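The residues making up each chain are set out below.
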Amino acid sequence: MSGAVHLPLDLPELDVAVAGGARLRRTVLPSGVRILSEAVPGAQSATAGFWVAVGSRDEQPITYGSTHFLEHLLFKGTGERSALDIASAFDAVGGEHNALTAKEHTCYYAKVRDRDLPLAVEILADMFTSSVLDAEEFESERGVILEELAMADDDPADVVGERFFEAVFGEHPLGRPIGGYPATIQAVGRDAVLGHYRENYRPQDLVVTVAGAVDHDALVALVESALARAGWDPRADGAPVPRRDAAAPLLAAGSSPRVVERPNEQVALMLGVPALRAGDERRATLSVLNSVLGGGMSSRLFQEVREKRGLAYSVYSFASAYSDAGLMGLSAGCSPRNAGRVAELMWSEFLRLADGGITPDELARAQGQLGGASALALEDSDARMSRLGRAELTLGEFVDLDETVARVGAVTVEHVTALAHELVAGPLSVAAVGAVDAADLGGLGGAAAA
């Protein structure tokens with residue numbers, strides 16, 4: 001393959017050879033269901049995912065947390081299978097099954113041996129199309145989700161992440177927690193979640209991705225058969241739902257630090273700025289920037305904060321991207337007495353990178369790190385399945401390993417410097433959880449960088 005594979009919604013069939021001897025195929029059924037597979041030579045297992053482009057950002061105030069609530073409920077039984085039947089079927093073949101809710105999508109997935117792929121597709125299709133959302137199970141699972149939220153609230157890393165997203169995205173839906181709030185979970189009714197299910201789990205919303213040991217034609221037949229048993233006509237007239245608008249949203253123009261005071265031994269810190277949306281052509285440059293700044297043990301943050309000064313055990317940078325927005329964050333955990341110093345050091349390193357650029361050695365090391373990490377990740381069919389889902393739902397293009405390495409290899413020192421300079425000029429947001437207050441953070445946050 002040379003270059004990215006574009007995935008127009010009106011293209012019914014696609015068949016392309018990709019890196020490593022794998023084969024990408026895609027079929028869009030007349031009803032709008034999209035089926036993508038990546039057949040990997042020598043694989044003896046496969047991971048299947050059933051996706052919808054609906055996440056926490058798509059909820060109405062009365063249903064905050066309902067997407068995650070629904071994710072739990074789809075494992076609780078259908079007209080044909082009880083919750084125990086679903087769990088037992090996967091356990092009996094040594095399979096793994098789970099789900100994830102994100103800000104822009106939800107995915108139900110299973111990993112099995114190649115011989116058990118028909119079983120996985122059949123059960124996932126049954127869950128996706130025919131869950132009953134039993135009233136007793138609904139109330140039971142409400143308690144489970146409240147316990148999950150309570151567990152997350154006891155984890156400073158989870159809490160500081162939520163506060164950081166609130167600080168960067170403000171009132172935008174991307175700033176809300178994926179799981180909702182305890183009050184909204186306690187208040188939401190079954191009818192609201194059922195309405196959310198019926199509105200968003202339709203043929204035109206469904207994307208099926210399978211990677212590993214998979215025959216595409218057999219997969220299409222499996223999906224069609226499973227959907228037909230559920231009463232869906234895969235050959236009915238329809239079209240896939242459009243992808244999200246990539247127009248940039250209005251974001252918070254900086255805010256005072258979001259601080260949650262707790263008597264913890266460490267302070268969890270995050271600070272950062274708005275960054276690139278998922279489809280930005282400079283995302284390879286951002287990957288290099290992130291690698292140099294805080295992506296490994298040789299990164300600037302790790303060397304300056306941990307190795308040279310011993311101020312933190314965990315310190316790193318990260319980037320998150322969505323269809324219309326993104327952020328770049330710097331994170332550390334440290335003693336309360338060092339919180340202000342660590343926050344200033346992290347931000348100073350970002351400013352220093354923007355002002356002075358990176359060295360050719362740093363560029364080469366980052367390019368090698370990203371290429372190697374990408375190759376290693378793709379040893380797992382889960383990662384390949386997820387890559388297919390993101391390509392179809394968000395990017396509208398598939399980028400294989402060769403193209404990924406080529407894009408990273410085309411990044412220059414000048415590209416990284418220019419992007420860093422642009423990002424540090426954005427509104428800086430700060431969040432902290434621990435025995436600290438805003439005054440301890442050295443005045444960071446609430447204004448654009450100088």
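I'd love a proper account of the pairing of strand S10 (residues 267-274), names of residues and values included.
Burial analysis of S10 places 8 of its 8 residues in the buried class, which makes it a mostly covered element. As judged from the 8 bridges shared by S10 and strand S12 (residues 326-334), these two strands associate in the antiparallel manner. Paired with Leu269 across the two strands is Ala332, which belongs to S12. Note: S10 against strand S14 (residues 429-434), 5 bridges, orientation antiparallel. If you follow Ala268 over to S14, its bridge partner there is Val433.

Requested: an account of the sheet that holds strand S9 (residues 258-261), with residues and values cited.
Strand order in the open sheet made by the 5 strands is S9-S14-S10-S12-S11, with mixed pairing throughout. Only two strands of the sheet have a single partner each, and these edge strands are S9 and strand S11 (315-321). Ignoring which end each strand starts from, the neighbouring axes of this sheet average 15° apart. As paired strands, S9 and S14 are joined by 4 bridges and run parallel to one another.

Report on the environment of Pro249, specifying residues and quantitative values.
Within the secondary structure layout, Pro249 lies in the loop between helix H8 (216-229) and S9. Excluding residues that lie within four positions of it along the chain, Pro249 makes contacts with His172, Asp324 and Ala325.

An account of the side chain of Ser56 is needed here, citing residue identities and associated values.
Here Ser56 lies in the loop between strand S5 (45-52) and helix H1 (66-73). Ser56 sits in the buried class, given a relative accessible area of 1%. The contacts of Ser56, once residues within four sequence positions are left out, are Thr67, Ala102, Lys103, Arg176, Pro177 and Ile178.

Tell me about the packing of aromatic side chains, and please be specific about residues and values.
Per the stated rule, a full pass over the model turns up 13 aromatic pairs. Between Phe128 and Tyr201, the aromatic rings sit 4.8 Å apart at their centres with planes inclined by 35°, giving tilted as the arrangement. Highlighted residues: Phe128 in helix H3 (residues 117-130) and Tyr201 in the loop between helix H7 (190-200) and strand S8 (207-212), separated in sequence by 73 residues. Accessibility assignment for this pair places Phe128 and Tyr201 in one class, buried. The rings of Phe50, Phe75, Tyr108, Phe128, Tyr197, Tyr201 and Trp232 are connected pair by pair, giving a single aromatic cluster.

Rules of the game
- Residues numbered from 1 in each chain as written.
- Predicted model: local features only at pLDDT ≥ 70, side-chain atom pairs only at ≥ 80, totals over all residues.
- Heavy atoms only, no water.
- Buried < 20%, exposed > 50% of the residue type's maximum accessible area, 1.4 Å probe, protein only.
- Helix = DSSP H or I, 4+ residues; strand = E, 2+ residues; numbered from the N terminus.
- Pairing = 2+ DSSP bridges.
- Axes fitted to C-alpha atoms, helices over the stretch in contact; angles between N-to-C directions.
- Contact = heavy atoms within 4.5 Å.
- Phe/Tyr/Trp six-rings, centres within 6.5 Å; stacked < 30°, edge-to-face > 60°.

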